[in-house]
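# Remarks on the overall topology
Residue-level listing of the chains:
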Amino acid sequence: MSDTCPVAPVYVCASDALVEGGLGVKLPAAEGAGRTTVFFVRYRGLVYGYVNRCAHQGVELDWENSFFTRAGDLLMCARHGATYQPDTGLCVGGPCRNGRLAPLQVQERDGAVYWLPGGKVRPLDEAAEAPTGPA
């Protein structure tokens, strides 16, 4: 698939599945020839999505879909403790200070959350073949 081909929105979850400061939702993704994951969280009423990769050493951030600090105010790398602003992805503490998470385009409509893929990060084939909306 070429970067110029439009990719249909990918259904992530029902809107109410993302709770303010709660667990996130992860999906498998492809970046170039490699595999990765992407994640989606709710913060201050809005949904944000990022590539699940710490700016410090490239490891996944979460521990069992938990992305937030206990206070629910920052995203935190479970391995190295780097912290990120949930609304911008900017690293504000830890070894990657001033680094940034790679953002994803997200849309929330009709009680559902959708990822609008673009650029180098794409859904894996099996993710692209998943249902495109709530059942």
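You'll find the protein entered in an unreviewed UniProt entry as Rieske domain-containing protein, with Bordetella petrii given as the organism.

Secondary structure summary: the protein contains 1 helix and 11 strands in total. Its helices and strands taken in sequence order, the protein reads β-β-β-β-β-β-β-β-β-β-β-α from the N to the C terminus. Taking contacts inside the protein between residues at least 6 apart in sequence as the whole, the part at least 24 apart equals 49%. Accessible area for the protein stands at about 7400 Å²; split by element, carbon and sulfur atoms hold 51% of it.

A word on the environment of Gly 99. Along the chain, Gly 99 falls in the loop between β7 (91-93) and β8 (103-104). In this structure Gly 99 touches Ala 55, Gly 89, Leu 90 and Cys 91, once residues within four positions along its chain are discounted.

Considering all chains together, one arrives at 1 disulfide under this definition. Between the sulfur atoms of Cys 91 and its disulfide partner Cys 96 the distance amounts to 2.5 Å. Since a negative S-S torsion denotes a left-handed disulfide, the Cys 91-Cys 96 link at about 90° is right-handed. Pair check on accessibility: Cys 91 and Cys 96 agree, each one buried. This cysteine, Cys 54, is not joined by any disulfide, and Cys 77 carries the nearest cysteine sulfur, 3.9 Å off. What makes Cys 54 buried here is its relative accessible area of 3%.

Attention now goes to the pairing of strand β4 (residues 46-51). Most of β4 sits out of view: 5 of its 6 residues are buried. Here 6 bridges tie strand β3 (residues 34-43) to β4, and the two strands are oriented antiparallel to one another. Each bridged residue has a counterpart across the sheet, and for Val 41 the counterpart in β4 is Tyr 48. From the end of β3 to the start of β4, which pair antiparallel, there are 2 residues, and Arg 44 there has a positive phi angle of about 50°. Note: β4 against β8, 2 bridges, orientation antiparallel.

A few words now on the sheet that holds β3. Backbone hydrogen bonds hold the strands of a sheet together, and the pairing may be parallel or antiparallel. On the basis of which strands lie adjacent, the open sheet formed by 5 strands has the order β8-β4-β3-β2-β11 and antiparallel pairing. Bordering the open sheet on either side are β8 and β11 (121-123), each of which pairs with just one other strand.

What follows concerns the packing of aromatic side chains. Tallied over the full model, the rule gives 4 aromatic pairs. Taking the centre distance of 5.8 Å and the plane angle of 40° together, the rings of Phe 39 and Tyr 50 count as tilted. Residue Phe 39 is found in strand β3, and its partner Tyr 50 is found in strand β4; the two are separated by 11 residues along the sequence. Using a relative accessible area of 0% as the deciding quantity, one classes Phe 39 as buried.

Rules used throughout
- Every chain's residues receive numbers from 1 upward, in the order its sequence appears when written.
- Reporting of local features is limited, given that this is a predicted model, to residues whose pLDDT is at least 70; pairs of side-chain atoms are given and counted only at 80 or more, and all residues count toward the totals for whole chains, interfaces and linings.
- Note that water and hydrogens are dropped before the side-chain values are worked out from all heavy atoms of the structure.
- Secondary structure elements are taken from DSSP: a helix is a run of H or I of four residues or more, a strand is a run of E of two residues or more, and numbering for both begins at the N terminus.
- Here, residues are in contact when the closest pair of their heavy atoms is within 4.5 Å.
- What sets the accessible areas is the Shrake-Rupley method with a 1.4 Å probe; for residues, cover comes only from the shown protein chains.
- Defined by distance alone, a disulfide is two cysteine sulfur atoms within 2.5 Å.
- Throughout, exposure labels follow a simple rule: accessible area from a 1.4 Å probe, protein chains only, divided by the maximum for the residue type, with under 20% read as buried, over 50% as exposed, and the rest as partly exposed.
- Strand pairing is defined by DSSP finding a minimum of two bridges between the two strands.
- Put simply, two rings from Phe, Tyr or Trp (the six-membered ring, in Trp's case) pair if the centres are within 6.5 Å, and we call them stacked under 30 degrees between planes, edge-to-face over 60, tilted for the rest.

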